[in-house]
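A look at the structure
Each chain, letter by letter, is given below.
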Amino acid sequence: MAVFDTPQAAFGALRPVCVQLTRAQTVENVRQLQAHLAGVSGAALQELQEYVLFPLRFALRVPGPKQERLVQSLVQCISSVLAATCVKKQELLQELFSELCTCLAPPPSSVKAAPLSEELKLAVIQALHTLMHSAYGDVILSLYRPSSLPLLGFAVSLLLTLAEQEKAKQIKISALECLQVLVLQCDCQEHRQLDEDEEQQCGDLFASFLPGISITLSRVIAGDIKQGHKPTVSAIRLFYLIVGLVMADKQLARIPKSKEKLPVEHSRISELMIHRGSDWTKSTAEKLSLLLHKVVESSSVHPHWKVRLELVELVHHLLRNCSQSLVDSFSHLLKAVVGLVNDENSEVQSRCNKVLQGIAEQRIVAQNRALADVLSENLHSLATALPRLMNSQDDMGKVSTLSLLLGYLKLLGPKINIVLNSVSHLQRLSKALVQVLELDVTDVKIVEARRSEPPGPLQQGVQKGRCQKKYFRFFTEEKVFQLLQQVCRVLGYYGNLYLLVDHFMGLYSESGLYRKQAAMILNELVMGAAGVGVDFLQEREVPLNVDDLKGSITSILDEYMDQANWYLVTSVDTEESSPEQSEQHLGLAVRAGGASSSILLQSSEPPVTTRTMNSNIWQICIQLEGVGCFAAVLGKEFRLLLLSALYPVLEKAGDRTLLISETALGTLADICEACGYDSVQCLINENSDYLVNSISLNLRQLAYQPRASQVLDTMLRNSDASLLPLIEDVIQDVLSALDQSYNSQASTFLRVLHSVMTALVQWFGMPSAEEHQQRHSDKGQSRARSQGQHKVTMTSQEVEQFFLDYVSQKRIAEGDLPDLEEEEADEIPLAKPEPSSDTEGEAPMPSHAQLARDVMERCIHLLSDGSLRVRLKVLDVLELCVTMLHPHGNHLLPMAHRVWPALVTRLISDDPLAVLRAFKVLCTLAQTCGDFLRQRFSKDVLSKLTSSLLSQAPASARAGPVYSHTLAFKLQLALLQGLGSLCERLDMGESDLNKVADACLIYLSAKQPVKLQEAAQRLCQVDQSLFEKLSVLAPVLL
C-alpha cells in the first residue's frame, strides 16, 4: 500500500472508511480503518488526528450495549493513532481520558453485567498509557488541576481495582505501570521535568488519593506469593514514588498554614482537596508507619531478590525525600536495609552497602536529631532483646540480628555518643554484649592440656597475631563472633574511649561472671579506637588522640596485670607451687570469681573446680591477647610499657598450661612485630638488664614470687650465650638459696637449675659423635695393648693405621721432627681440648663449665632427698651437668667419684621411675667417663640389674598387651636397650658379658613381648663375645 505523505492525500484515502465506520460500527470497519492508517505518514496523520478519532470516539459513545470485540478494536485503533501523533488540545486529552476510563467501568444500569474480558482491560490500560505519553508539553498538566480531581480519582480507582483484584499477572503489572504514569512518576524521557511549583500542585492533588493508593498497594505487596515478583516490584516502586511525592519534606515546608480558597464554582472540588498542614502530616505519617511496617515485614523475607532489592530502593527514596515527615517510620525502614546487608544475593548486598554509605556521606542521621533518636530507641530495644534472641534463634537468625545491631551503630556514627551518654542505654548495651559473649568453660581438655616438656625457641612455630579459638555458650558460628567484634570496634571508633573503658572496667571489676567478656570487649574497643580492622561508613568527627589511647591502654594493663587478675589457679599440680602458694592462689581465684575480696581463705572453703580453672585459663589468655592488641595499636610507643608488661608475659610463656603458654608466645611475637624487634631473642637480649634484675629480686622472695623461674626459663630458651654474664650472679643466688632452703624450695630451685643447664648445653654444644668414637677407640686399643689380649679381629685398615702411628712415634723419639708447616697442620686437629691431656687441668675452667660443676655439687647432696619428685629432677639436672663437663675430664672424674654412691642407691633400691632416670644418667656417664666406671659398674650395679631382668622375665612372658603400658615393662625395655651400649663403652670383661648374656637369653623367647625380643636381639649384636655365647646357647631355645 502506498504511503500518503500529505494531509490531502491521506484525507482522500481515509474519508471513505471513516464515513463507513460512522454509519456502521462494526469490527470489520474498524479493521479497514486500521489498515488504511498503516499507509499514512505520521505528519499527515497529525493533521487529521481529530478527524480520524471522531468515528472511533463516536462508536464508543453510541448508547446501548456493545460487543466487547468491537470496543477492544476501537480502543486498539485509538491507541495506534495516539502512538503516532501528539495530543495538543487540553479538551481532547480530557475527553479521550474520560472515554477510555468509561470503557473500564461497567454500565450503571446493568447490575449483573458480565465482567469485562482480560483482553479488553489490557487494551484500555495500554491506551491510557499511550494517551498520557502522547500529551504534548504543558497539555498534560491540564489533567492535574483541581477541576480534574474527580476524573483523576475515577481513573485511579479503576486502576487500583484492577491491580488488586485481577488474577492475570500482565493486567496487574500494566495497571500499576499506568498508575505510575498517571501520577507523573514514570521513568521515560518524553515528559518534561516539573518545576517546584508544578510538583507542589501535583502533591496537593495526589494527597487526596494517598490513603486509597497506599492501602491498596500495601495489600498487593503483601499478597499471595503466587502472583509472582513483578507485580510486587511494581507495587513497591509505585508506593514509594507516590509517598515520596506527597510527603516530601521540601513540599511540606512550603505549605501555608491556612487552606487556599478556591472560586465559588469549585466549592464542591474544594471539599475534596487536602490541606497538607502539620496536623494532617502527623496523622498521615502515623498511618503510613503502619503500612510501611507491613510492607517491610512482607518484602524483607520475599524469596525473590528483586523484591528485596526494590525494598532497599524504597528505603533510600523515602530517607532521601521524607527524612523529617516520616521519621517515626524509619525504625522499620532502617531495620530492613540494615538487615539486608548480609543478603544471600550479591546485588542486594552491594546496593544496601551503597545506600548506607550514601546515608552516612550525606550526614542524614548526623543532621537529623529526631532520626538519631529513633535509631537510639531501636538500638535500646534490640539490645534489650539481644540475649533472648541469641538464645533462641538459629545461626542465620543470630547473624541477621547482629548485622542489624551493627548497622544501627554504623548509621549513628558520630552520634553514637547520644546512646553512650545515656546511662540506661549504655548499661543495656553493655550487659547485652557481656551476656552474649559468655564463654563455654565446661571443656575439661583445656585444663588437662599440659606442657610436659619445655617448648623450643619461641621463633619456631609462633604465629603473629595468634588468637586461640574460643567456644561460646550461645553460638558456634564464627561469623557471629566476627560481627560482635565489629560491634565493639565500631563502638570504640566513634564512641568516647574514656567513657567506654571506664564503664567496661567497672564491669570487669564487678563480677567474675563478666570478667572474661569485659576483657574481650576492652581489647576490641582499643583496636576500634585505633581504627584497626573497623568497617565504618563515615569518618569520625574528632581524630584520635594518641595520648588518650596510651592512657587508656595503661590503665587497662594495670588492671589486667594486677595480682588478683594475673595469678589465678589454673591447675592443682603440687609441683607448680608449695601448699602455702596454692592456698594463696586459691584465694585469688575466688576473689576473681567475685565471691570474696580476701586473698587468703580459710581451710573450710571448697576446693577449686575444673570449671573455675577453665575460666581462669581463658581469662589469662584473653588478657594476654589484649597485651598483643595493645602492642599492635601503639607500635613502637609500646616500648615505654615493656618495663611493666614484658616480665608478666614471659611468666605466662613458661606456664605449664598449654593454652596459656601458646597464647603468651603469640603475644611475644606481636610485641616483637609492633616494637620493631627482629626476633624474640632480640626482644629478650635488649631488655635483659631489667628482666634479670627483676628475676634476681623475685628469686630472693620465692615464697611470694614462685614464677620467677618461669621467666628465667623462657629467657634462657630464647636467648644466646651473650646472656650468660648477666645471669651468672642470679645462678649463684639460686645456688645459695638452695643451700639455705633445700627442704622447702628444692623443687622450684631445681626447675631453675634445669633451665640453666639445658640452655648451657644448647649454647655450648655437646661433643660430636665422631669425637666420642675416636676417644673410645683409642682407649680400647691402649687397654688391649697393655693387657696383651686381643680377641676382637682387627681390619686391614686398623692394622695399617697402627703401623703408621708406630713409625711416626719412632721418628719423633729419634729426633726426626717434621717441617714447620707440617707441624702447624698437625696441630690444627689437636686444638680441640682432650679430657685426658695434662695441660687442660692447668687451664682455667670457662664460666659455663664452672657453673655446671657448682650445680653438680648440689645435685650430689640432693640425690638422697626424701621426695621422689625432687630425686627425679636432680637426676635430670645431673645428666645435663655430666654432658656439660664432658670436655673437662679432670673435673668430671672427681665429681663422678663423689656422685657414684648415691647414684648406685638410686639404681638398685629406689622407685622404678627413679631407676629409669638413674640408668639414663649412668649411660651418659659411661659415654664421658669410660674406663673410670668399668670396675665400679661391674662390682656395684651390673649384678643387680641382671638379677632384676631375670626376676621380671616370667611376669612379662605371662603378661597380656596391657603390660606394655606398665612401669615394669618400660624399665625392662630401658635395661635391654642400654646394657649393650654400656658393655661396649666400658669394654666389659668375659664374666660380666656372661651375666648380661644370661639375663638377655630368656628375653629371646617368643613368649616375651615383641619389643623386649627386639631389644634383646639388638643387645646380642653389640658385642662379638656376647653374640658368640648366645649363638652357642641358641639351640636351647629351639
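All of these numbers come straight from a predicted model, not from anything done at the bench.

1. A word on the overall build of the chain
- The secondary structure content of the chain amounts to 50 helices and 0 strands.
- Per-residue burial for the chain yields a buried fraction of 52% across its 1038 residues.
- A separation of at least 24 residues holds for 79% of the contacts in the chain among residues at least 6 apart in sequence.

2. What to know about the environment of D739
- Structurally, the position occupied by D739 is in helix α36 (residues 724-740).
- In the structure, D739 is positioned 122 residues away from H861 in sequence and 9.8 Å away in space, judged by C-alpha atoms.

3. Concerning the pattern of salt bridges
- Enumeration according to the criterion identifies 23 salt bridges in this entry.
- Notably, a salt bridge pairs E99 with R57, separated by 3.1 Å at the nearest N-O pair. Here E99 is found in helix α6 (residues 90-104), whereas its partner R57 is found in helix α4 (residues 49-61), with 42 residues between them in sequence.
- For the salt bridge of E478 with K469, the shortest nitrogen-to-oxygen distance reads 3.9 Å.
- One connected set of salt bridges, linked through shared partners, spans R57, R61, E95 and E99.

4. What to know about the nonpolar core
- Grouped together as the largest cluster of nonpolar side chains are 336 residues, with contacts concentrated most on F97, Y144, L314, F638 and F937.
- If you tally residues by element for this core, the top one is helix α30 (residues 610-634), at 13 residues.
- Beyond its immediate stretch of four places on either side in the chain, F638 contacts L557, V627, F630, A631, A645, I671 and C675.

5. What about the confidence of the model for the chain?
- Confidence along the chain averages 81 in pLDDT terms, with 84% of residues attaining 70 or more.
- Throughout residues 768-793 the model reports pLDDT below 50, and contacts reaching past four residues in sequence, or to other chains, amount to 18 contacts.

6. Some thoughts on helix α47 (residues 967-986)
- Taking 1.5 Å of rise per residue, the 20 residues of α47 would be expected to cover 28 Å, and the 27 Å separating its terminal C-alpha atoms lies within 8% of that figure.
- Maximal helix bending in α47 amounts to about 30°, located at G978.
- Where α47 terminates, the next one or two residues include D987, which has phi positive at roughly 55°.

7. Structural notes on the packing of helix α19 (residues 369-392) against helix α22 (residues 423-436)
- Contact pair α19 / α22: the axes reach a minimum separation of 9 Å and the direction vectors enclose 25°. In terms of axis orientation, α19 runs roughly parallel to α22. Both α19 and α22 take part in a crossing whose hand is left-handed. Here α19 contributes S376, E377, H380, A383, T384, L386, P387 and M390 to the contact with α22, which in turn contributes S424, H425, R428, L429, A432, Q435 and V436.

8. Things to note about the side chain of Q619
- As for its placement among the helices and strands, Q619 is situated in helix α30.
- At 3.5 Å, the side chain of Q619 and the backbone oxygen of N565 are in polar contact.
- Excluding residues that lie within four positions of it along the chain, Q619 makes contacts with Y508, R515, K516, N565 and L568.

9. Side note on the environment of K172
- By the element assignment, K172 lies in helix α9 (residues 169-182).
- Note on K172: relative accessible area 6%, which makes it buried.
- Those residues within four positions of K172 in sequence are excluded, and the remaining contacts are L162, A163, E164, E166, Q227 and P231.

10. Comments concerning the side chain of T284
- Among the secondary structure elements, T284 is positioned in helix α15 (residues 278-299).
- Exposure remark for T284: the relative accessible area of 12% places this residue in the buried category.

11. A look at the packing of aromatic side chains
- Within this structure, the stated rule accounts for 11 aromatic pairs.
- With centroids separated by 6.1 Å and ring planes inclined at 20°, the aromatic side chains of Y560 and F630 adopt a geometry described as stacked. Of the two residues, Y560 sits in helix α27 (residues 546-560) while F630 sits in helix α30, which places them 70 residues apart along the sequence. Each of the two residues, Y560 as well as F630, counts as buried.
- Look at Y963 and F969: their rings are 6.0 Å apart centre to centre, the planes differ by 80°, and that puts the pair in the edge-to-face class.

12. Side note on unusual backbone geometry
- Positive phi values are uncommon outside glycine, yet L184 reaches one of about 60°.
- Relative to the assigned elements, L184 resides in the loop between α9 and α10 (196-206).
- By relative accessible area, L184 is classed as buried at 18%.

13. Quick notes on the packing of helix α8 (residues 149-165) against helix α11 (residues 210-221)
- Close contact between α8 and α11 brings their axes to 10 Å; oriented N to C, the two are set at 10°. Classified by the angle their axes make, α8 and α11 are roughly parallel. Residues V156, L160, A163 and E164 of α8 form the contact with α11, whose participating residues are G212, I213, T216, R219 and V220.
- By residue class, the composition of the contact of α8 with α11 is 5 nonpolar, 2 polar and 2 charged.

14. Things to note about the environment of G531
- Note on placement: G531 falls in the loop between α26 (512-529) and α27.
- Take G531: its relative accessible area is 32%, and that puts it in the partly exposed class.
- When the C-alpha positions of G531 and V490 are compared, they lie 8.8 Å apart, and in sequence the two are 41 residues distant.
- For G531, the contacting residues outside a window of four places in its chain are Y493 and R540.

15. Points about the state of the cysteines
- Under the criterion given, the structure shown has 0 disulfides.
- Considering cysteine sulfurs only, C101 is the nearest to C103, which forms no disulfide, with 8.8 Å between them.
- For C103, a relative accessible area of 14% gives the class buried.
- You can see C682 has no disulfide; the closest cysteine sulfur is in C672, sitting 7.9 Å from it.
- You can call C682 partly exposed: its relative accessible area is 25%.

Conventions adopted
- Residues numbered from 1 in each chain as written.
- Predicted model: local features only at pLDDT ≥ 70, side-chain atom pairs only at ≥ 80, totals over all residues.
- Heavy atoms only, no water.
- Helix = DSSP H or I, 4+ residues; strand = E, 2+ residues; numbered from the N terminus.
- Buried < 20%, exposed > 50% of the residue type's maximum accessible area, 1.4 Å probe, protein only.
- Contact = heavy atoms within 4.5 Å.
- Salt bridge = Lys/Arg side-chain N within 4 Å of Asp/Glu carboxyl O.
- Core = buried A, V, L, I, M, F, W, Y, C linked by side-chain atoms within 4.5 Å.
- pLDDT = per-residue confidence, 0-100.
- Expected span 1.5 Å × (residues − 1).
- Bend = angle between axes of the 7 residues up to and from the residue.
- Axes fitted to C-alpha atoms, helices over the stretch in contact; angles between N-to-C directions.
- Parallel < 35°, antiparallel > 145°, perpendicular 65-115°, else oblique.
- Left-handed = near helix turned anticlockwise from the far one by under 90°.
- Polar contact = N/O pair within 3.5 Å; in protein donor to acceptor, adjacent residues only side chain to side chain.
- Phe/Tyr/Trp six-rings, centres within 6.5 Å; stacked < 30°, edge-to-face > 60°.
- Nonpolar A, V, L, I, M, F, W, Y, C, P; charged D, E, K, R; others polar.
- Disulfide = S-S within 2.5 Å.

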